[in-house]
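Residue-level structural notes
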Amino acid sequence: QVQLVESGGGLVQAGGSLRLSCAASGFTFSVYAMGWFRQAPGKEREFVANIRWDSLSTSYADSVKGRFTISRDNAKNTVYLQMNSLKPEDTAVYYCTRSRSTTATPDSWGQGTQVTVSS
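Since this is a predicted model, take the numbers as computed values, not measurements.

About the thresholds
- Residues numbered from 1 in each chain as written.
- Predicted model: local features only at pLDDT ≥ 70, side-chain atom pairs only at ≥ 80, totals over all residues.
- Heavy atoms only, no water.
- Disulfide = S-S within 2.5 Å.
- Helix = DSSP H or I, 4+ residues; strand = E, 2+ residues; numbered from the N terminus.
- Pairing = 2+ DSSP bridges.
- Axes fitted to C-alpha atoms, helices over the stretch in contact; angles between N-to-C directions.
- Phe/Tyr/Trp six-rings, centres within 6.5 Å; stacked < 30°, edge-to-face > 60°.
- Buried < 20%, exposed > 50% of the residue type's maximum accessible area, 1.4 Å probe, protein only.

Okay, the state of the cysteines next. Inspection of every chain in the model, using the stated rule, returns one disulfide. The disulfide bridge from Cys-22 ends at Cys-96, spanning 2.1 Å between sulfur atoms. Around the S-S axis, the bridge from Cys-22 to Cys-96 shows a dihedral of about -80° and counts as left-handed. Placement of Cys-22 in strand β3 (residues 18-25) and of Cys-96 in strand β9 (residues 92-99) is noted, with a sequence separation of 74 residues between them.

Pasting the structure below:
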């Protein structure tokens, strides 16, 4: 079955960096778009970034553009989210997602990893 397992979350001070990883299994990773969403306490889940199957197209939420970078390694079935210049408002549970394309709604979600940014 499809499995998406996130790792790399934690507690970091404002201005710091974290790199999230998502290890995928149970499907042909290299043909799917992958992405990241997040959900802060008391807020709705929101899109963060996604990447096309061949890495030739990426998209970002305006709130993270210029600070976050999504990438993938199809040989390792892994997608990454490099997060720099973190802000307290980036505090959330971050979810890895799978989609048929970068414009499609995700059809699989990971369990999430907590990111906490202290001021």
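So, next bit.
With respect to topology, four strands assemble into an open sheet ordered β1-β3-β8-β7, the strand pairing being antiparallel. Each end of this open sheet is capped by a strand with a single partner; those strands are β1 (3-7) and β7 (68-73). Ignoring strand direction, the axes of neighbouring strands in this sheet form an average angle of 15°. Two elements, β7 and strand β8 (residues 78-83), share six bridges in a ladder whose sense is antiparallel.

On to the packing of aromatic side chains. Within the structure shown, the criterion is met by five aromatic pairs. Between Tyr-95 and Trp-109, the ring centres sit 6.3 Å apart and the planes meet at 75°, which makes this aromatic pair edge-to-face. Residue Tyr-95 is found in strand β9, and its partner Trp-109 is found in strand β10 (residues 108-109); the two are separated by 14 residues along the sequence. In this structure Trp-109 comes out as partly exposed when scored by relative accessible area, which is 33%.

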